[in-house]
Amino acid sequence: MGKGGGCVPSKKSPPAVDTGNAPVSISSPTTVAESQRRDIEVPIVTAVKLKILIVFYSMYGHVETLARRMKKGVDGVEGVEAVLFRVPETLSDDVLTKMRAPSKDDEIGEMSSVHELESADGFLFGFPTRYGSMAAQMQAFFDSTSQLWGEQKLAGKPAGFFVSTGTQGGGQETTAWTGITQLAHHGMLFVPIGYTFGAGMFKIEAIRGGSPFGAGVFAGDGTRQPTETELALAEHQGKYMAGVVKKLAQPC
């Protein structure tokens, strides 16, 4: 499915290359061996890393913070790398100013074409909630993938979700559910994290975002920032997805 699934040895032997050495006497066994020696050109095979795209929308920075930590988790797995992308904004600058949305970091590029998804081996999609569903900006992005759907370019590729909500009942799980329908129609594989984070999934002494569906953060009124537990869960999800992508990329 993905790149980097292993090299298939060529059935053709590499050609011998004349070293240009002068002829030597055949009277000496040593010189005979030298005259028969040929320098073989051995092709250098550079391993191509598997690529996971972390595609997200973040108005106030909470989802972006999770995305950056998630990338750290992916990049920590040998043979896999993550690339961050924003989805296009649908609101005008005037509206964003009135909503007091901070300016976006130019370090993370905007996905200008959905065809960039074709080269990926896996995905992590992040978005805030709007009344228990994904934000309209993310919905618009998925709506723009109709050509990829028609050509089945994303079928069989794994993907996971991470979210941000304002409150505990704001949709940590339902927001992720609204993304599953997108994957189903593309024929993609939904990869939840389940309870693989271990004890961190069971602690209830402090407020924590995230669920078996994926990492998450509670934003409150917008001033609350992700806790270390929420960030650690995001990093874990990155590592977990990287491991799944590696397994799926292995040759049969």
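Conventions used here
Residues numbered from 1 in each chain as written. Predicted model: local features only at pLDDT ≥ 70, side-chain atom pairs only at ≥ 80, totals over all residues. Heavy atoms only, no water. Helix = DSSP H or I, 4+ residues; strand = E, 2+ residues; numbered from the N terminus. Buried < 20%, exposed > 50% of the residue type's maximum accessible area, 1.4 Å probe, protein only. Contact = heavy atoms within 4.5 Å. Areas by Shrake-Rupley, 256 points an atom, 1.4 Å probe, with all protein chains shown as cover. Salt bridge = Lys/Arg side-chain N within 4 Å of Asp/Glu carboxyl O. Polar contact = N/O pair within 3.5 Å; in protein donor to acceptor, adjacent residues only side chain to side chain.

**Structural notes on the overall build of the protein chain**
Link 1 in the chain: Tallying secondary structure elements over the protein chain gives seven helices and nine strands in all.
Link 2 in the chain: Across the 252 residues that make up the protein chain, the buried fraction comes to 41%.
Link 3 in the chain: Counting only contacts in the protein chain whose residues sit at least 6 apart along the sequence, the fraction spanning at least 24 positions is 75%.
Link 4 in the chain: Element-wise, carbon and sulfur atoms account for 56% of the exposed surface of the protein chain, whose accessible area totals about 13,900 Å².

**Considering the pattern of salt bridges**
Link 1 in the chain: According to the stated counting rule, one finds eleven salt bridges in the structure shown.
Link 2 in the chain: Between Glu64 and Arg68 there is a salt bridge, with the nearest N and O atoms lying 3.1 Å from each other. Of this pair, Glu64 and Arg68 are both found in helix H2 (residues 62-75), four residues apart, which corresponds to roughly one turn of the helix.
Link 3 in the chain: A relative accessible area of 31% places Arg68 in the partly exposed class.
Link 4 in the chain: Residue Lys104 pairs with Glu89 through a salt bridge whose shortest N-O separation is 3.3 Å. Residue Lys104 is located in the loop between helix H3 (93-98) and strand E5 (122-130), and its partner Glu89 is located in the loop between strand E4 (80-86) and H3; the two are separated by 15 residues in the primary sequence.
Link 5 in the chain: Overall, the relative accessible area of 22% leaves Glu89 in the partly exposed class.
Link 6 in the chain: It is possible to trace a salt-bridge network through shared partners that takes in Glu64, Arg68, Arg86, Asp105 and Glu107.

**Structural notes on the side chain of Arg86**
Link 1 in the chain: Tracing the sequence through the fold places Arg86 in strand E4.
Link 2 in the chain: A distance of 2.9 Å separates a polar atom in the side chain of Arg86 from a polar atom in the side chain of Glu64.
Link 3 in the chain: Polar contacts involving the side chain of Arg86 include one to the main-chain carbonyl oxygen of Asp105, which spans 3.3 Å.
Link 4 in the chain: Setting aside residues no more than four positions away along its own chain, Arg86 makes contact with Phe56, Glu64, Lys104, Asp105, Ile108, Gly109, Glu110 and Met111.

**Considering the side chain of Thr129**
Link 1 in the chain: Locating Thr129 in the fold gives a position in strand E5.
Link 2 in the chain: A relative accessible area of 12% means that Thr129 is categorised as buried.
Link 3 in the chain: From its side chain, Thr129 meets the backbone oxygen of Gly170 in a polar contact 3.3 Å long.
Link 4 in the chain: A polar contact is formed between the side chain of Thr129 and the side chain of Thr175, at a distance of 3.0 Å.

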